[in-house]
Amino acid sequence: MASTAMSPVRGQAGQAEDFVIRVEDLRVEFRTPIGVSSALDGITFEVPRGKTLGVVGESGCGKSVTGLAILQLVPLPGIITSGRVLFRPHDGSEAINLLEYERMGADMRGTRGKNISMIFQEPMTSLNPCYTVGNQIKEAILLHQTKNHKEAKERAIDILQKVGMPNPERIFGSYPHELSGGMRQRAMIAMGLSCTPDLLIADEPTTALDVTTEANILELMRELQQEIGMSIMFITHNLGVVAQMCDDVAVMYLGRIVEQASVEEIFYDPKHPYTISLLRSIPRLGTNRKEHLEVIRGSVPDPYTRVSGCPFHPRCPSFMPGICDKVYPEALHLPSSPQHLVRCHLYNDLNHQEVATSSGDKSS
Ligand SMILES: Nc1ncnc2c1ncn2[C@@H]1O[C@H](COP(=O)(O)OP(=O)(O)OP(=O)(O)O)[C@@H](O)[C@H]1O
Ligand SMILES: [Mg+2]
């Protein structure tokens with residue numbers, strides 16, 4: 001019988017690869033006066049070492065909260081209610097459950113920036129308006145890389161140049177409010193990359209940038225990845241960037257991962273109706289210009305209201321009454337591609353049939 005447990009993507013070769021981060025059954029709730037929102041409802045995935053995992057899904061599905069939860073930075077009233085975040089350092093030592101660290105304790109603070117850094121969706125979240133950009137990058141380098149101030153400054157200027165800042169020496173002495181939105185975003189990318197982390201969580205890192213700068217930044221990330229074996233968790237709405245950057249993709253909907261597979265399978269053989277709809281809603285070269293782009297009908301339900309059965313069923317073009325609105329779908333490994341996971345009742349039957357056929361059992 002094919003496994004129905006939600007186990008993580010294990011790399012394209014189908015073998016258990018060395019992971020840098022493994023998230024297990026992670027749950028986050030926001031307890032507010034108007035109710036409880038399950039921002040993450042038990043998600044499980046891995047980011048293999050040296051690889052890039054793309055995380056996609058509509059606004060509000062929990063992408064940023066996933067990144068923040070890994071670093072124990074979920075803002076109040078959000079709380080991590082259960083799960084594990086296993087981090088495996090590159091020296092080959094035992095994996096550590098980061099959620100066992102005290103949120104603001106020395107171990108967790110030491111891990112942030114040094115081992116795992118995050119480029120936040122909102123640049124001003126991580127840039128301190130009271131300090132120059134250069135000093136903030138230099139501080140991060142001094143904390144984790146070298147104690148030599150001159151060397152730290154040189155490295156900071158070098159990384160500012162690498163992210164395409166014009167006149168990096170001048171930018172080094174500028175305050176965040178003196179920079180444009182795109183420059184602030186690049187300053188934050190420079191800060192994230194300056195410590196050569198094991199894992200970079202990049203949350204919409206290039207949304208405020210023009211396409212040329214975006215291409216340069218993506219190239220820089222790839223270079224660093226090859227140089228130091230950095231892993232990347234790339235959170236984005238831009239499926240074009242996913243195609244360019246990612247090895248594997250996790251598709252999220254309402255705090256859950258509904259499909260996980262290699263980037264090729266997500267683009268060429270998507271299974272979940274939600275993934276299929278997402279892909280149909282992006283423009284493609286070569287399609288008839290008069291054809292309308294498809295939109296996903298309806299909108300993401302209010303996160304404070306629980307939807308029974310599959311949370312996508314009210315919007316799903318393949319909705320099966322009596323099943324999809326009643327039963328929450330298990331995550332299934334496709335028998336034809338065991339690393340491909342999907343949470344959809346459409347594949348339940350297929351799964352049982354294929355398993356039954358392959359085992360010679362005709363009774364089911
Ligand atoms: N500060 C907060 N207070 C209350 N609820 C929150 C807060 N931050 C996030 N949430 C809840 O968590 C859910 C997931 O939010 P998250 O920011 O992870 O979405 P996202 O997928 O990153 O969206 P986007 O694409 O717009 O950035 C939201 O739907 C919201 O209900
Ligand atoms: Mg977000």
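The model shown is predicted, which means the values in this text are computed figures rather than measured ones.

1. A short note on helix H6 (residues 181-194)
The terminal C-alpha atoms of H6, which comprises 14 residues, lie 20 Å apart, in line with the 20 Å expected from a rise of 1.5 Å per residue. Of all 14 residues in H6, 12 are buried, a share of seventy percent or more. Along H6, the positions that sit buried rather than exposed are Met183, Arg184, Gln185, Arg186, Ala187, Met188, Ile189, Ala190, Met191, Gly192, Leu193 and Ser194. Residues of H6 that are buried sit in contact with strand S6 (116-119), helix H3 (133-144), helix H4 (149-162), strand S7 (199-203) and helix H7 (211-228). Within two residues after H6, threonine 196 carries a phi angle of roughly 40 degrees, on the positive side.

2. Some remarks on the pairing of S6
Both faces of S6 are covered, namely the face carrying Ile116 and Met118 and the face carrying Ser117 and Ile119. Direction of pairing for S6 relative to S7: parallel, over a ladder of 4 bridges. For isoleucine 116, the partnering residue across the bridge sits in S7 and is leucine 199.

3. Topic: the nonpolar core
Ile21, Ala190, Met233, Phe234 and Val249 are the most contacted members of the largest nonpolar core, which totals 86 residues. Take this core: its biggest share by element is 7 residues, from H6. Those residues in contact with alanine 190 that lie beyond four places of it in its chain are Ile137, Ile159, Leu160 and Val163.

4. What to know about the sheet that holds strand S2 (residues 35-48)
Adjacent strands of a sheet form backbone hydrogen bonds with each other and so pair up, either parallel or antiparallel. Spatially, S2-S1-S4-S5 is the arrangement adopted by the 4 strands of the open sheet, whose pairing is antiparallel. Two strands bound the open sheet, and with one partner strand each, they are S2 and strand S5 (96-97). Alignment of strand S1 (residues 19-32) against strand S4 (residues 78-87), held across 8 bridges, turns out to be antiparallel. Pairing of arginine 22 across the sheet is with leucine 86, part of S4.

What counts, and where the lines are drawn
- All residue numbers refer to position in the chain's written sequence, counted from 1.
- Chain A is the first chain written and ligand 1 is the first ligand written, with later ones labelled in order.
- At least 70 in pLDDT is required for a residue's local features to be given in this predicted model, at least 80 for side-chain atom pairs to be given and counted, and no such filter applies to totals for whole chains, interfaces and linings, which use all residues.
- For the purposes of this entry, the term helix denotes a DSSP run of H or I that reaches at least four residues, the term strand denotes a run of E that reaches at least two, and both are numbered from the N terminus.
- Any helix carries an expected span of 1.5 Å times its number of residues minus one.
- Neighbour density around each residue's C-beta defines its exposure: 20 or more other C-beta atoms within 10 Å make it buried, 12 or fewer make it exposed, and counts between make it partly exposed, where C-beta atoms are placed from the backbone.
- Residue pairs are scored as contacts if the distance between their C-beta atoms, which are placed from the backbone, is within 7 Å.
- Only strands that DSSP links by at least two bridges are regarded as paired with each other.
- Residues enter a nonpolar core if they are buried, belong to Ala, Val, Leu, Ile, Met, Phe, Trp, Tyr or Cys, and are joined to the set through C-beta atoms within 7 Å.

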